[in-house]
Amino acid sequence: MSLDIKTNMEQMSKDYPHESFSALISDHIKDIKHTNTSEQQNFPRTKAIIQSLLDKSKEINSVVHFEEVGTVQHIGNGVANISGLSQAAIDELVEFRNDTRGLILNLHTTSLDVILLGNEEGIQGGSLVTHQINKLKIPVGIDLIGRIINALGEPIDDGPDINSLDFRFIERPAPDITHRSPVNTPLQTGSKIIDALFPIGKGQRELIVGDRQTGKTTLALDAIINQRGKNVKCVYVSIGQKKSSLSLVNDVLRKNKAFDYTIVISAAPDDPPAQKYLAPFTGMTVAEFFLDQGDDVLIIFDDLTKHADAYRELSLLLRRPPGREAYPGDIFYLHSRLLERACKLSDNQGGGSITAIPIIAMQQGNISAYIPTNLISICDGQIVLDKEKFNKGFKPAVNIGISVSRVGSAAQTEVIRGLANTLKLELSQFEEVEKFTRFGTELDESTTQMIKRGRRLQQILTQTIHRSYSLSEQVLLLFAANRGYLDSVKINDLKKYERDLLTWSRNNKPDVLEIIKIEKVFTPEIEKQITDLLDSFSSYWEKGDDTNE
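Since we're looking at a predicted model, the values are computed, not measured. (Residues numbered from 1 in each chain as written. Predicted model: local features only at pLDDT ≥ 70, side-chain atom pairs only at ≥ 80, totals over all residues. Heavy atoms only, no water.)

So, on to the side chain of Q412. Its location among the elements puts Q412 in the loop between strand 16 (404-405) and helix 13 (414-420). Residue Q412 is classed as buried on the basis of its relative accessible area of 9%. Residues in contact with Q412, not counting those within four places in the same chain, are P186, D195, A196, P199, R417 and A420. (Helix = DSSP H or I, 4+ residues; strand = E, 2+ residues; numbered from the N terminus. Buried < 20%, exposed > 50% of the residue type's maximum accessible area, 1.4 Å probe, protein only. Contact = heavy atoms within 4.5 Å.)

Structure (structure tokens):
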């Protein structure tokens, strides 16, 4: 009887093949083996067993999975060439046998080029690759606030895992022009010279450009710090920055409690080139989550020079032909499709905004280089930092002559606009005329007065590192400069005058500062109150009295 059962089982497995069939047979044999002696005397017939197995097999649903497989031809420096995968498209993902993912960037007739998003250890020529069909997604959401993540959205700080319920594609078309609204709402940076002369509006793209070590990152961090309590989310993208530099940035943000509303995205120099290439797009995707919630977002790209270098490195490895200054011809498209996603949406679309401040480094003040000119043409203005001014101690070292905000006063608070409308012209004229004083040229009285006033304006617009000025404080200082209250103050005493004025005002006239903050317009009433405040302080200053009135 046992031999007959075995023979019939073998015949049945040939007639009814199934991946789970052996499991069914095994279960029935176990049932038979565990029967007691009395049940063994009434051993079931072979046909009954076969019929029982057939009935159970009908309950199983068969599923067939098809997987497109390619082969690695060669690999190195974070780039792999793969044959096969005829159905793959650009920006889709592949997966290697060591679980590393790759992003398709080039398509050839019989092969494709992939940049690796992880470690290439264990991958070699002949290794199999599978096509994932879908495109790269990253986690987004409010859980990211206060965290440090890499270009793939993975946490790299000491915090817990990120349990995001929302994933978004890293590439996304820019919002339609019909979905946008004009940039007309100011975004206060806390920097006197920026808010007064080169105002930035919510939804604007304002470039910061300068030589190395001229305070570019400091200016951007001050803008982030100044958003505390203003309901603006911030995203800081570090591209190719040293880990020590990123650590200093994180310390500044923590010290000023900016991590309560800030997300940091880091692509370190020792990360694969693909992560440095993807980091800005990851930052923009994270920012777009808050944009779609109707929030205002400030995003800093520090810096796009290293991003361009990473893309050039990848392009050379992918054998793309180099163009001007060895950069590939599509690098303009790379940055334009990134920065065009920054905008201010109309009220019908939620009214949110993304303000982008990209940073790039010049070499020896060469603003006409390829990458700076590309980004200047993409952005709505540029803030140019001057190394000579920086070395002289004028910080922020903004070159007033070639810096510009194309949005201009449309995105400026009205009370500041009324005080700063002639300020840029006066400073530009001062900088031109001051050059003649180096040659000992005799100057007439009006020119001497212009230089005297210009030096005071220049001094009052400088500020210490990470010291943000509120709207009320800026108005008070600009009013004092415009109305001649600083003309009698020695240049060396201007910083002390500024500190004493702000301290005295907070202690003695807090209602005036509060009115400026609330009203944000320059009315005759507010003008009279500010004049009375400055007159009272001038009497206090001249007496040199250390007691409050």
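Okay, the packing of aromatic side chains next. Evaluation of the coordinates by the stated rule reveals 11 aromatic pairs. Relative to F537, the ring of Y497 has its centre 5.2 Å away and its plane inclined at 75 degrees; by these criteria the two rings are edge-to-face. Remark: F537 occurs in helix 19 (residues 524-543) and Y497 occurs in helix 17 (residues 494-508); sequence separation between them is 40 residues. With relative accessibility at 0%, the residue F537 sits in the buried group. An aromatic cluster is present here, built from Y497, W504, F537, Y540 and W541 joined pairwise through their rings. (Phe/Tyr/Trp six-rings, centres within 6.5 Å; stacked < 30°, edge-to-face > 60°.)

For strand 4 (residues 101-107), the buried fraction is high: 5 of the 7 residues fall into the buried class. Pairing geometry for strand 3 (residues 92-96) and strand 4, over 3 bridges, is antiparallel. Paired with E95 across the bridge in strand 4 is R101. The turn joining strand 3 and strand 4, which pair antiparallel and follow one another in sequence, is formed by 4 residues; a positive phi near 70 degrees is taken by D99. Bridge count for strand 4 against strand 5 (residues 111-116) is 5 bridges, and the pairing is antiparallel. Within strand 5, the residue paired with N106 across the bridge is D113. (Pairing = 2+ DSSP bridges.)

As summarised here, the arrangement of the 8 strands in space is 8-12-11-13-14-10-15-16, forming an open sheet in which the pairing is mixed. Pairing within the sheet leaves two strands with one partner each, and these edge strands are strand 8 (148-149) and strand 16. As paired elements, strand 15 (residues 381-385) and strand 16 share 2 bridges and run antiparallel to each other. Following the sheet pairing, G381 is matched in strand 16 by S405. The sheet strands contacting helix 7 (residues 243-255) are strand 8, strand 11 (232-239) and strand 12 (262-267), and the helix crosses strand 12 at an angle near 175 degrees. (Axes fitted to C-alpha atoms, helices over the stretch in contact; angles between N-to-C directions.)

Moving on, we come to the nonpolar core. The tendency in soluble globular proteins is for nonpolar side chains to be buried as a group. Residues L197, I224, L298, L423 and I530 are the most contacted members of the largest nonpolar core, which totals 69 residues. Broken down by element, this core gets its largest block of residues, 8 residues, from helix 16 (residues 471-482). Core analysis: the next-biggest nonpolar cluster, separate from the first, contains 61 residues, I354, I378, C379 and V384 among them. (Core = buried A, V, L, I, M, F, W, Y, C linked by side-chain atoms within 4.5 Å.)

Once that is clear, we can look at the side chain of K344. Inspection of the secondary structure puts K344 in the loop between helix 10 (331-339) and strand 14 (353-361). Buried charge K344 goes without a salt bridge, the closest partner of opposite sign being D296 at 5.3 Å. For K344, the residues in contact, after removing those within four places along its chain, are H179, R180, S181, P182, V183, N184, T185, K202, G203, G351, G352 and S353. (Lys, Arg positive; Asp, Glu negative; His and termini not counted. Salt bridge = Lys/Arg side-chain N within 4 Å of Asp/Glu carboxyl O.)

The pLDDT averaged across the chain works out to 86; a share of 90% of its residues lies at or above 70. For the stretch residues 1-13, pLDDT sits under 50, and the model shows 15 contacts to residues farther than four places along the chain or on other chains. Confidence drops under a pLDDT of 50 for residues 545-549, and excluding neighbours within four residues, the segment shows 10 contacts in the predicted structure. (pLDDT = per-residue confidence, 0-100.)

The space that makes up the largest pocket amounts to roughly 1,300 Å³. The set of elements that each furnish at least two residues to the lining of the largest pocket consists of helix 6 (216-225), strand 11, helix 7, helix 9 (304-317), helix 11 (370-378) and helix 12 (387-392). Of the residues in the lining of the largest pocket, the class split is 19 nonpolar, 16 polar and 13 charged. (1 Å grid on protein atoms, 1.4 Å probe; cavity = no way out; pocket = protein on both sides within 12 Å on 5 of 7 lines; lining within 4 Å. Points joined across faces, edges and corners; volume = space filled by probe spheres on them. Nonpolar A, V, L, I, M, F, W, Y, C, P; charged D, E, K, R; others polar.)

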